[in-house]
Amino acid sequence: NRGSGAVSQYVNLNTIFGASTAGSNPHDTNDYNFDNGQATWNAVGKVALGGLAINTSETLLYTMNLANRTLYEIPTTATPSSGNIRTSTFPTTMPGCSNNSDVRPFAVSYYEGLVYVGAVCSGDATNSVTDVDAYVYSVDPTTLAFSGSPVLRVPLDYDRQEVDPGFAADWRPWTTNYSTISTNHHISPQPMLTDIDFDRGNMILSL
């Protein structure tokens, strides 16, 4: 509420679609120091909701379910329900991504009549940086169908200077277990494409 500043829940997807719709909470709420170890580490980017966008008329919300890699379209002009929330599964056959399980969508944006969804090929399963690319797909809001091929594909195996003195910031494949490239710091650059914006026709990616 912009007048009072009060925050209220608009929709609970677990209530509509069942418990753990966007994955189970991996955190150990009794011990945040160790926090379930690798289970919580490995859940990053694979649990909960990703980007959120609204169409121009502000009648439809779009968000990405990271757990089932599905785009949700939620109405703002009616009470959300299983009957009026539409879903569309993100394509898991991205070109150059060797393993379907490495397809990791997140970013969601709306621009000039189209929804745009960004993803990375994590390289988690293959452990190969040559698989680590970023992708953007368009979505037709009428049919909620994804474009047959990405509108943009960006290889991420480029030089990125240093993440810490003496340690290159180059992107690395996602890793299931905790790892660091430094003996003294928690460093292991693993990419996520989390936002897409547009400025007078220019697409801006947030990695």
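A quick note: this is a predicted structure, and the numbers were derived from the prediction, not measured. By convention here, each chain's residues receive numbers from 1 onward along its written sequence. Reporting in this predicted model follows two pLDDT cut-offs: at least 70 for local features of residues, and 80 or more for side-chain atom pairs to be given and counted; totals over whole chains, interfaces and linings ignore these cut-offs and use all residues. With hydrogens and water excluded, all non-hydrogen atoms of the structure serve as input to the side-chain values.

A. Focus on the packing of aromatic side chains. Within 6.5 Å between ring centres, the rings of Phe, Tyr and Trp (the latter by its six-membered ring) count as paired, and their orientation is classed by plane angle as stacked under 30 degrees, edge-to-face over 60, tilted in between. Inspection of the entire model under this criterion finds seven aromatic pairs. Relative to Tyr 178, the ring of Trp 41 lies with its centre 5.1 Å away and its plane at 80°, an arrangement referred to as edge-to-face. With a gap of 137 residues between them, Trp 41 in helix α2 (residues 38-43) and Tyr 178 in the loop between β11 (167-168) and β12 (195-199) connect regions that are remote in the sequence. When a residue's accessible area, from a 1.4 Å probe over protein chains only, is under 20% of the maximum for its type it is buried; when over 50% it is exposed; and in between it is partly exposed. Among the residues examined, Tyr 178 registers a relative accessible area of 36% and is labelled partly exposed. Arranged with centres 5.3 Å apart and planes meeting at 80°, the rings of Phe 90 and Tyr 137 form a pair that is edge-to-face. Of the two residues, Phe 90 sits in the loop between β4 (86-89) and β5 (103-111) while Tyr 137 sits in strand β7 (residues 133-140), which places them 47 residues apart along the sequence. Secondary structure elements follow DSSP: runs of H or I of four or more residues count as helices, runs of E of two or more count as strands, with numbering from the N terminus.

B. Quick peek at the state of the cysteines. Cysteine sulfur atoms that come within 2.5 Å of each other are treated as a disulfide pair. Inspection of every chain in the model, using the stated rule, returns one disulfide. One disulfide bridge connects Cys 97 with Cys 121, the sulfur atoms lying 2.1 Å from each other. Linking Cys 97 and Cys 121, the disulfide has an S-S dihedral of approximately 80° and is accordingly described as right-handed. In this pair, Cys 97 is assigned in the loop between β4 and β5 and Cys 121 in strand β6 (residues 114-121), connecting sequence segments 24 residues apart. Across the pair, exposure class does not vary: Cys 97 and Cys 121 are buried alike.

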